[in-house]
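The residues making up each chain are set out below.
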Amino acid sequence: MSPVISRSKYSDSIEAGNIDAELRKQGLSVFAWSDAPGATYSPHSHGHDETIVVTAGCIEFEIDGVRHLLERGDELLLPAGTVHSAFNPGDEPVRYLICS
């Protein structure tokens, strides 16, 4: 299974302030995270499927040599074992939810 990006999927839920509840209704465990501008994560993978939902700012993921810029409301589905790296290219912190 390949990674899947859904643009602006959760923009309305973030605006309404119920994004956590919506993700938990889907059976996901939700963990809030943030990274300062310039934060970098070296290539790595996880032994479980992971869903990333950006709630503020932007973050760039690189998967199989392709860069994907995620912004507020975007969702990234990373199947278990997907090697990826990440970088905050913005001037502000990025905030996102890590779900499994």
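It should be noted that the structure appears before, not after, this text.
Keep in mind the model is a prediction, meaning the values are calculated, not measured.

A closer look at the sheet that holds strand E1 (residues 4-6)
Next up, step 1: Across the sheet, five strands lie side by side as E1-E7-E4-E9-E2; this open sheet has antiparallel pairing. Only two strands of the sheet have a single neighbouring strand rather than two, namely E1 and strand E2 (30-35). The sheet shows a mean angle of 20° between the axes of neighbouring strands, taken without regard to direction.
Next up, step 2: The pairing of strand E4 (residues 50-56) with strand E9 (residues 94-99) spans five bridges and is classified as antiparallel. Following the sheet pairing, Thr51 is matched in E9 by Cys99.

Observations regarding the side chain of Asp35
Next up, step 1: Structurally, the position occupied by Asp35 is in strand E2.
Next up, step 2: Reaching out from Asp35, the side chain makes a polar contact with the side chain of Trp33 at a distance of 3.2 Å.
Next up, step 3: Those residues within four positions of Asp35 in sequence are excluded, and the remaining contacts are Tyr41, Ile59, Asn88, Pro93, Val94 and Tyr96.

What counts and how
Residues numbered from 1 in each chain as written. Predicted model: local features only at pLDDT ≥ 70, side-chain atom pairs only at ≥ 80, totals over all residues. Heavy atoms only, no water. Pairing = 2+ DSSP bridges. Helix = DSSP H or I, 4+ residues; strand = E, 2+ residues; numbered from the N terminus. Axes fitted to C-alpha atoms, helices over the stretch in contact; angles between N-to-C directions. Polar contact = N/O pair within 3.5 Å; in protein donor to acceptor, adjacent residues only side chain to side chain. Contact = heavy atoms within 4.5 Å.

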